[in-house]
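Secondary and tertiary structure notes
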Amino acid sequence: MRTLSLSLVLALALLLGALTPGVSAQDEPLRMGLLPILDVLPFYVAQEAGYFEEEGVELELIPVSSALERDQLLLAGEIDGMLNDLISTGIFNQDQTRIVIVALARKAYEEAPQFRILAAPRSNITIPSDLVGKEIAISENSVIHYIAQRMLEQAGISADDVTWRPEPNIPVRYQLLMEGQLPVVVLPDPLAQAAMVGGAILVMDDSSLVETEFSQSVLSFRKEIVDEQPEKVEAFLRAWMRAAEDINADPEAYRELWIEHTNVPDSVKDSYQLPPFPTYAITQPEAWEDTVDWLIEQGIIDERPAYEDTVDPRFIEAIAPESVAGDPEAGAAVYVSLGCAGCHATEGDTVMVGPSLAGLAGRAGEEVEGLSAAEYIEQSIVEPDAHVVEGFNPGIMPAYTGLSDEDLANLVAYLLSLD
Ligand code: HEC
């Protein structure tokens, strides 16, 4: 049985002339359609912290129960923006720019995949090559279908080596997997983790797509909103990014809010680790072009919506905190004056009290998920026990909390310059 696809809804909406832009006066709130999924957590964090008010934007959060409902509301002009994905964006914009992506909302990380290919409990499907010839249940023509196909291709399995079985209802897919009635399904976290707790076998996840950022969700608005009320969009994004930073700094503090507002299976309420949220980032051309390639290959759309028309990086650029460009030479002097050299070598891999800092730039970006090289180094200095280097003990390096922003930026620049 096929469900009504977005393409069809779009065709109907066009036919009925439902696409007239909603009247949106300047003092109206921004209406956002929110699925009960993990990705939308920053909306609730920002709301609870009062960030929307502080940034001077009124938001109306409108819960929706399915992507289809969300998309219909958007087409009818009843919501102004939403959290969605690249596949949905490509379908919306197939023949004209209806929505514009203004920021990345979530993406797969090494330790925090978004989608997993799971085999039924007690089945003998355990590794990717076991999937050949099997039936894989997905939501057809959705981001799940796309990401599943790209995961398989990473493992050298082509889309034609398996049978794709449409089963659009995610809870049903979960249920049929657990009962052994579906051999293989694709599910998003945290439901996928709940399945694993219940005995489902993890075959693959989208951490193999971390580099390409194919697996991502985005914040997008109707084009009229972006064109006519850019200041509202910008204020919204400031609040969102503050919330995302709060979650990254202390994920545990938001567990309750996450459980309250999204669908969280009981079995993983306490164990699921909240993922990092990307900040001040936006969809890159590579991910967009790959999404469009897939939509065209699948015959879902005929024309290629251009990256420049669909993705607008202006807002993120306007609000990203200016990174204080440090001066490595001044940083070298700070390094000496603070006595760092008493515990760290800066050449070779000599271990003094602490590890050698040679080549730090090359590895610092991979130490802590969600932290860039500069952020990791800064954290190492200000809060050394937040992440302790393997093979060393906490509590030895003093926390340098009293440094001026300038000294800190210079010090980070110096450490980044060590080969
Ligand atoms: C008393 C000795 C001591 C002093 C002084 C000290 N450190 Fe450390 N440092 C350590 C130890 C031990 C570790 C490893 C344990 C940890 O991660 O906290 C470390 C870890 C680090 C790391 C992480 C390295 C990596 O490979 O990931 C950085 C960066 C760093 N220190 C920079 C500094 C800077 C900059 C200073 C001066 C402002 C400094 N340290 C002063 C002992 C010291």
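Definitions and cut-offs
Residues numbered from 1 in each chain as written. Predicted model: local features only at pLDDT ≥ 70, side-chain atom pairs only at ≥ 80, totals over all residues. Heavy atoms only, no water. Near = heavy atom within 4 Å. Polar contact = N/O pair within 3.5 Å; in protein donor to acceptor, adjacent residues only side chain to side chain. Helix = DSSP H or I, 4+ residues; strand = E, 2+ residues; numbered from the N terminus. Nonpolar A, V, L, I, M, F, W, Y, C, P; charged D, E, K, R; others polar. Pairing = 2+ DSSP bridges. Axes fitted to C-alpha atoms, helices over the stretch in contact; angles between N-to-C directions. Parallel < 35°, antiparallel > 145°, perpendicular 65-115°, else oblique. Contact = heavy atoms within 4.5 Å.

Here's the deal with the site of the ligand
Taken together, 26 residues lie near the ligand, and C340, C343, H344, Y376 and M397 sit nearest. Within the backbone of P384, a nitrogen or oxygen atom sits 3.3 Å from an oxygen atom of the ligand. In the environment of the ligand, an oxygen atom lies 3.0 Å from a nitrogen or oxygen atom belonging to the backbone of V389. Counting residues per element, the ones that place at least two in the shell around the ligand are α16 (360–367), α17 (373–382) and α18 (405–416). Per-element tally for the shell around the ligand: the top contributor is α17, with three residues. In terms of residue class, the shell around the ligand is built from 19 nonpolar, six polar and one charged.

A short note on the sheet that holds strand β9 (residues 201–205)
Within the open sheet, the five strands sit side by side as β7-β6-β8-β5-β9. Their pairing is mixed. Strands at the two margins of the open sheet, each flanked by one partner only, are β7 (163–166) and β9. Geometrically, the sheet is characterised by an average inter-axis angle of 30° between neighbouring strands, direction not taken into account. Two elements, strand β6 (residues 135–138) and strand β8 (residues 184–188), share two bridges in a ladder whose sense is parallel. Opposite I136, over in β8, you have V184 as the bridge partner.

A short note on the packing of α16 against α17
One way to put it is that α16 packs onto α17 with a least axis distance of 7 Å and a crossing angle of 85°. When the axis of α16 is compared with that of α17, the two are roughly perpendicular. Touching L360, A361, A364, G365 and E367 of α16 are A373, Y376 and I377, all from α17. Tallied by class, the residues present in the contact of α16 with α17 amount to six nonpolar, one polar and one charged.

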